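Below, each chain spelled out in residue letters.
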Amino acid sequence: MRYAHSKKRKKRNFSPKREASGTHFSSVSGSAFRGVLFSLLCLIILSLLSSVFCLYHNDPASITFPIGLSLMYLSSAIGGILSARRFTADKGSALFSGTLCGFFIFVIIGIFSVIMTLGGIGGNKIRLPIVLLLRSLCIISAFLGAYIVSGKEKTRYKRKK
């Protein structure tokens, strides 16, 4: 056999661990920002779907606020899960990314709720500090979503011999 020579395999270049520079924080904040965008998209879609449910209820004003809060907590948990998925090996970075995602969601929704409350658009009679306290629970929800994902490392299955 004339062409039976073996090919040379390429050697893998393993990258060294990241140094203590700003690159790690930028990747964590970028992941948190991606989680916020996906979370807000989920919140909009779930709100549109739940509005159909609220319209067919006998008293839609009584269930609008609890459903809105539960959807906000659910979407922030989804955002925390998505932002922490990148850092499954590093639990601290995953939890920080999920918490940062929850904080961004709190700030965005908090700004909108302050604008709506001060403008008189919001129909609920709840005071502003209580509303902000209820909105701040989305930070805990995103942290719990990140905690769910952070403990799971990807395992590789070995071939049976």
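As shown above, the structure is provided for reference.
Residues numbered from 1 in each chain as written. Predicted model: local features only at pLDDT ≥ 70, side-chain atom pairs only at ≥ 80, totals over all residues. Heavy atoms only, no water.

A.B. asks: What is the right way to look at the overall build of the chain in this model?
C.D. replies: Tallying secondary structure elements over the chain gives four helices and zero strands in all. Starting at the N terminus, the α and β elements of the chain follow one another as α-α-α-α. Counting only contacts in the chain whose residues sit at least 6 apart along the sequence, the fraction spanning at least 24 positions is 77%. (Helix = DSSP H or I, 4+ residues; strand = E, 2+ residues; numbered from the N terminus. Contact = heavy atoms within 4.5 Å.)

A.B. asks: It is not clear to me how the environment of Tyr147 should be interpreted in this structure. Could you clarify?
C.D. replies: Mapped onto the elements, Tyr147 comes out in helix 4 (residues 128-150). The exposure class assigned to Tyr147 is partly exposed, which follows from its relative accessible area of 45%. In this structure Tyr147 touches Lys91 and Leu95, once residues within four positions along its chain are discounted. (Buried < 20%, exposed > 50% of the residue type's maximum accessible area, 1.4 Å probe, protein only.)

A.B. asks: Help me understand the nonpolar core, please; the structure alone is not making it clear to me.
C.D. replies: The nonpolar side chains of soluble globular proteins are, as a tendency, buried together. Ranked by internal contacts, the top residues of the largest apolar core, which has 14 residues, are Leu43, Ile67, Met72, Cys101, Ile105 and Ile109. Contributing elements (two or more residues each) for this core: helix 1 (23-55), helix 2 (60-84) and helix 3 (91-119). Here this core takes five residues from helix 2, the largest share from any one element. In contact with Ile109, not counting residues within four places along its chain, are Leu43, Met72 and Arg135. Counting six residues, the second-largest nonpolar core is a separate cluster that includes Ala84, Phe87, Leu95 and Ala146. (Core = buried A, V, L, I, M, F, W, Y, C linked by side-chain atoms within 4.5 Å.)

A.B. asks: What's the story with a nonpolar patch on the surface in this structure? I'm lost.
C.D. replies: Residues Phe103, Phe104, Val107, Ile111, Phe112 and Ile115 make up a contiguous nonpolar surface patch of about 540 Å² in total accessible area. On the secondary structure map, Phe103 appears in helix 3. The class for Phe103 is partly exposed, based on a relative accessible area of 40%. (Patch = residues over 30% accessible without salt bridge, like charges linked within 9 Å, V, L, I, M, F, W, Y side chains within 5 Å. Areas by Shrake-Rupley, 256 points an atom, 1.4 Å probe, with all protein chains shown as cover. Salt bridge = Lys/Arg side-chain N within 4 Å of Asp/Glu carboxyl O.)

A.B. asks: How should I be thinking about helix 2 in this particular structure?
C.D. replies: The terminal C-alpha atoms of helix 2 lie 36 Å apart, and with 25 residues this matches the ideal 36 Å at 1.5 Å per residue to within 8%. Listed in full, the buried residues belonging to helix 2 are Ile63, Ile67, Leu69, Leu71, Met72, Ser75, Ser76, Ala77, Gly79, Gly80, Ser83 and Ala84. (Expected span 1.5 Å × (residues − 1).)

A.B. asks: What is the right way to look at the packing of aromatic side chains in this model?
C.D. replies: Pairs of aromatic rings are described using the distance from one ring centre to the other and the angle between the two planes. In total, this model carries one aromatic pair according to the counting rule given. Centre to centre, the rings of Phe103 and Phe106 are 6.4 Å apart; their planes meet at 40 degrees, and the pair counts as tilted. Of this pair, Phe103 and Phe106 both sit in helix 3, three residues apart, which is roughly one turn of that helix. (Phe/Tyr/Trp six-rings, centres within 6.5 Å; stacked < 30°, edge-to-face > 60°.)

A.B. asks: Explain the environment of Tyr73 to me, please; I cannot follow it from the model alone.
C.D. replies: Structurally, Tyr73 is set in helix 2. In this structure, Tyr73 is in contact with Leu134, Leu137, Cys138 and Ser141, ignoring residues within four places of it in sequence. Within polar-contact distance, the side chain of Tyr73 engages the backbone oxygen of Leu134 at 2.6 Å. (Polar contact = N/O pair within 3.5 Å; in protein donor to acceptor, adjacent residues only side chain to side chain.)

A.B. asks: Can you help me understand the side chain of Ser97 in this one?
C.D. replies: Tracing the chain through its elements places Ser97 in helix 3. At 3.1 Å, the side chain of Ser97 and the backbone oxygen of Ser83 are in polar contact. Dropping the residues within four chain positions of it, Ser97 is found in contact with Val28, Ser31, Ala32, Ser83, Ala84 and Phe87.

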